[in-house]
Protein chains: 2
Amino acid sequence: MKIEGQIVDIIRREIFPGSVEFEGDTIIAIHRHETGIQQYILPGFVDAHNHIESSMLPPHEYARMALRHGTIATISDPHEIANVCGKDGMRFMLDEAEQSPLKIGFAVPSCVPASPLCSAGAVLDATDVTELLEDPRTYALAEMMNYPGVIDKDPDCMAKINAAHRIGKPVDGHAPLVSGEHLKKYVSAGISTDHEANSLAEAEEKIALGMKILIREGSTARNFNTLHPLIKHHKDMLMFCTDDLKASDLLEGHINKLLRKCLYLGYDLFDVLQIATLNPVRHYNIPMGLLRPGDPADFIICNNLKNFSPTATYVNGIRVDELPYRPVQQLPNNFNAPFISVSDIADNMEGKEMFDVIQVVDGDLYTPHVKLSKGNMGQAQKIVVINRYEPKAHIGIGYIKGFDMNNGALAQSIAHDSHHIIATGSSDELIVKAVNEVVRMKGGIVVADPNKITSLALPIAGLMSNSPIDEVATAQQQLITHLHLMRCPLMSPIVALSFMQLIVVPELKITDQGLFDVMEFKYIS
Amino acid sequence: MKIEGQIVDIIRREIFPGSVEFEGDTIIAIHRHETGIQQYILPGFVDAHNHIESSMLPPHEYARMALRHGTIATISDPHEIANVCGKDGMRFMLDEAEQSPLKIGFAVPSCVPASPLCSAGAVLDATDVTELLEDPRTYALAEMMNYPGVIDKDPDCMAKINAAHRIGKPVDGHAPLVSGEHLKKYVSAGISTDHEANSLAEAEEKIALGMKILIREGSTARNFNTLHPLIKHHKDMLMFCTDDLKASDLLEGHINKLLRKCLYLGYDLFDVLQIATLNPVRHYNIPMGLLRPGDPADFIICNNLKNFSPTATYVNGIRVDELPYRPVQQLPNNFNAPFISVSDIADNMEGKEMFDVIQVVDGDLYTPHVKLSKGNMGQAQKIVVINRYEPKAHIGIGYIKGFDMNNGALAQSIAHDSHHIIATGSSDELIVKAVNEVVRMKGGIVVADPNKITSLALPIAGLMSNSPIDEVATAQQQLITHLHLMRCPLMSPIVALSFMQLIVVPELKITDQGLFDVMEFKYIS
């Protein structure tokens, strides 16, 4: 088969008229000749770090949209499902990804659970990680978040890193604000990327030490506006990634949105394409074609080189930008949370004068620890965590300030990284109503007021929906709208609540064991 | 009735414990005394310039949400409904607003139609404008967009401005990028505000000439990040406004979001409250209380002075932050568009080699005029405009590049400022399907593919829904999702399409008469 147009050769950095000839899944020749056809043929894009679960979509549904936007390969870390379902969760993702033409290269989660104090649904120890790294469908050891562990040469951390080195797969970093001697130790352990740089200075220090920087633009963390000036002097050290993307944003665009922004800002086309394509393919050794004879027939077709909205995407010689929705048949889960009643979440405020309260800050994982007198507790509302793996476990109960729901509650089974059910609301009755609906669905997000329930079922590990992307996007909008109707002032209340169990971020958090003082690194009795 | 707390006196710039005492609708005393109650009592906020129609909600539904966010008064320009229904539309808005406690001070639209070449549904001449300015429910002459008319002392413009001066109501400006001698002439006509400054330099030039600057943060135009540094040196010359806010953004916040940002950036609390409250009340002479004895009992209660999410809003002594949804009973409209068939929008491409095509640019009203050869017309799609007032009028037919819908069409009855039906799509059949659904509903927004129709009915003048805000927000998300599913790459395709009839913005636009070359200011035959 032959496709004619203006061929974009990202290795020789030239554009010439001609045709791409392929047989089966392989390019057999690139021909140069005159053509009146104005379309451009170019390699597809790579998302160098993402968590597919954040879209609340399983791999095939995520892939269906990413392919439309010209993304042909990803490095995907199934960290969330690994925390819930362990190796079975990993295998689910690996097997599902094989049903989809998107070249999903998996990264093996390095930190499951996030901390030994977390009661996650599974543990991936060094043996498990080694076994998964030996699977040819994995391409890296995923973001090594435990940077104190690396700096102090914790044996478990080092065993995982050494396994990756031995097997010949790169180790991804995750080192926000780490610098100086600590950063040098972290890098010298053989960690080669970072996607958490928040300033140019931080990124440049990391690049100077040999790290590659992933410019991230997701639904929550957005670093493009800060980091794009790196493109001018460090094009060889950069990649693009989305990290976490919600369904409505994925509908609108993927890595192509970053290219669009770069071209608008006047960066060189070939520099930008190198970052979006060549750099990640080489760094992770991804089997994605780059329009050379002998390469897999992977490419996209665009009407122009400005907005990068492909009119067609080909993977292994097959057109894949109009795939049908295909539901998952076998739904993995690990869900044993019990129905609860008001008495289960009652607490005795008798005789207590001062209360420890979590303060939520919109758009920030950092949660100040505030103390409120009994008379001012009207400003706070209850927050509870119900263990989703052990039906008779302790229930964590605390107070939080900033959700300010008026006659309503929010409960959900997405809560990094343990993914126990977390809920907050204006009354115990409404919290129970919302939690029990999550329990009934065996996972999901529920907003409840006295008259109405809005919900999104997440039957895949309590993390992902099995519905088409458009229905998921609409359901998310309905949940947010319902929360805003009950006067919650937060822009992203569901995201905010999902981080309240993450005991590695200061100052005060809550788990199924109760309030956790991150500064003292211990539970408040 | 007495309410206790920390009283925020924005005139003396102090906060003291005490109580606000009111009888009926009037504050009778402010008492100073000790109290353990931590809540703050402060005046409500003013949105100094908006178009309620942009939310697609009628006044009461808009008010219901604005009051929850602590906005107690607005200056609202019903420019859109005036273009469709003329004085009847104005009266509808004035009468509806009386059903709601929000103190909506109307501004009289100054430029209906936007240009004599527009075939809008109505004309507001100087006599009409004068009559409306004499209505005590109007507070200003709205944004004088025809700045060439002001500079050249066009008799119709001057008659409207002079009427406002004679009646003692301020004249609002709208002068993007106007500067130097032109700006001096514009200001010397007695125009006292501007909300279109796009840079600090532009704003400072206007302030130096005595104009007040409205810092705008809406759903599309967002100037806060550019203009907030003015707060430090020009607090007496500033107000806040939203201009155009869509339903989902209004659910989340209103003027309180701007206060939140200001406090986060470290600006002085009293400076910010002066801008949000005192400045617009004085400039427009709005009858909103400022917590002085004798004032109307208008105020809000907040738990803190950081996020400005009120726990209660009082207007004229009555709590108004939990109003029920109330549909409009009498729906005004001006809708006579006919059902169309494929033959009505056929055009003869025979023998033509080059085509004039509108290029849409995401997030920009500016539309380049591009020329495409016949062989490259696959990159463009048809766009049509159907006169909604005259059933037998000419149908405008042209081509547009950038919507790139795959097997789908979008049609809508919101299209500034004439609000004729405008539609674009991948085939004539789908354009007809979408347009006819808009016609059937007598106004609305429709996305159609061969199998499915997504729609939002806008029975109030073809501009506003009669449903609750949460349903409107969800429907908008569904429309956008459907467009993104058909691979439209634009972030805001509905907004983009709504500006394609606006023949006062370069370079190429389309009306019911056909393609309009704005640079030559004439139709392309």
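A few points on the structure. (Residues numbered from 1 in each chain as written. Chains lettered and ligands numbered in written order. Predicted model: local features only at pLDDT ≥ 70, side-chain atom pairs only at ≥ 80, totals over all residues. Heavy atoms only, no water.)

1. Topic: the interface of chain B and chain A
Facing the 36 residues of chain B at the interface are 36 residues of chain A. Summing both sides of the interface, chain B and chain A together bury roughly 2,900 Å²; the carbon and sulfur share of this comes to 45%. When the buried area of chain B at its contact with chain A is split by residue, Glu252(B), Leu485(B) and Arg487(B) rank highest and sum to 22% of it. Applying the counting criterion to the chain B and chain A interface returns six salt bridges. Residue Glu322(A) pairs with Arg487(B) through a salt bridge whose shortest N-O separation is 3.2 Å. Put simply, chain B and chain A have 12 residue pairs in polar contact (both at pLDDT 80 or more) between them. Every element with two or more residues in the side of chain B that touches chain A is listed here: helix H1 (59-68), helix H10 (247-252) and helix H14 (469-485) of chain B. Here the residues of the side of chain B that touches chain A are counted per class, giving 10 nonpolar, 15 polar and 11 charged. (Contact = heavy atoms within 4.5 Å. Buried area = accessible area lost by both parts, 1.4 Å probe. Salt bridge = Lys/Arg side-chain N within 4 Å of Asp/Glu carboxyl O. Polar contact = N/O pair within 3.5 Å; in protein donor to acceptor, adjacent residues only side chain to side chain. Helix = DSSP H or I, 4+ residues; strand = E, 2+ residues; numbered from the N terminus. Nonpolar A, V, L, I, M, F, W, Y, C, P; charged D, E, K, R; others polar.)

2. Notes on the pattern of salt bridges
This model, assessed by the stated rule, comprises 69 salt bridges over all chains. Between Glu322(B) and Arg68(B) there is a salt bridge, and its shortest N-O distance comes to 3.4 Å. Within this pair, whereas Glu322(B) is found in the loop between strand E15 (318-319) and strand E16 (354-359), its partner Arg68(B) is found in helix H1, the two being separated by 254 residues in sequence. By sharing partners, the salt bridges in this structure join Arg68(A), Arg319(A), Asp321(A), Glu322(A) and Arg487(B) into a single network.

3. Quick word on the side chain of Thr511(A)
All names here are of chain A. Along the chain, threonine 511 falls in strand E24 (residues 508-511). Within polar-contact distance, the side chain of threonine 511 engages the backbone nitrogen of glutamine 513 at 2.9 Å. With near-sequence residues (within four places) excluded, threonine 511 lies in contact with Val385, Gly396, Gln501, Ile503 and Tyr523.

4. Quick notes on the relation of the copies chain B and chain A
Of the transformation placing chain B onto chain A, the axial shift is 0.0 Å and the rotation is 180 degrees, giving an RMSD of 0.0 Å. Both copies of the chain, as the preceding transformation shows, are related through a two-fold rotation axis. Here 100% of the interface residues in chain B have copies in chain A that are interface residues too; the copies meet face to matching face. (Least-squares fit on C-alpha atoms with pLDDT ≥ 70 in both.)

5. Some details on unusual backbone geometry
A cis amide bond, omega -10 degrees, links His416(A) with the succeeding residue Asp417(A). You can see Asp417(A) is positioned in the loop between strand E20 (409-412) and strand E21 (421-425). Between Pro506(B) and Glu507(B) the backbone carries a cis peptide bond, its omega angle lying at 0 degrees. Counting through the fold element by element, Glu507(B) comes out in the loop between helix H15 (493-498) and strand E24 (508-511). Backbone geometry places Phe308(A), a non-glycine residue, at a positive phi of 50 degrees. Within the secondary structure, Phe308(A) sits in the loop between strand E13 (299-302) and strand E14 (310-315). Given a relative accessible area of 0%, Phe308(A) falls into the buried group. Of note, Arg13(B) is a non-glycine position whose phi angle comes to about 55 degrees, a positive value. Residue position: Arg13(B) is located in the loop between strand E1 (2-9) and strand E2 (14-23). Relative accessible area serves as the criterion here: at 34%, Arg13(B) is assigned to the partly exposed category. (Buried < 20%, exposed > 50% of the residue type's maximum accessible area, 1.4 Å probe, protein only.)

Geometric values such as these leave the question of function open.
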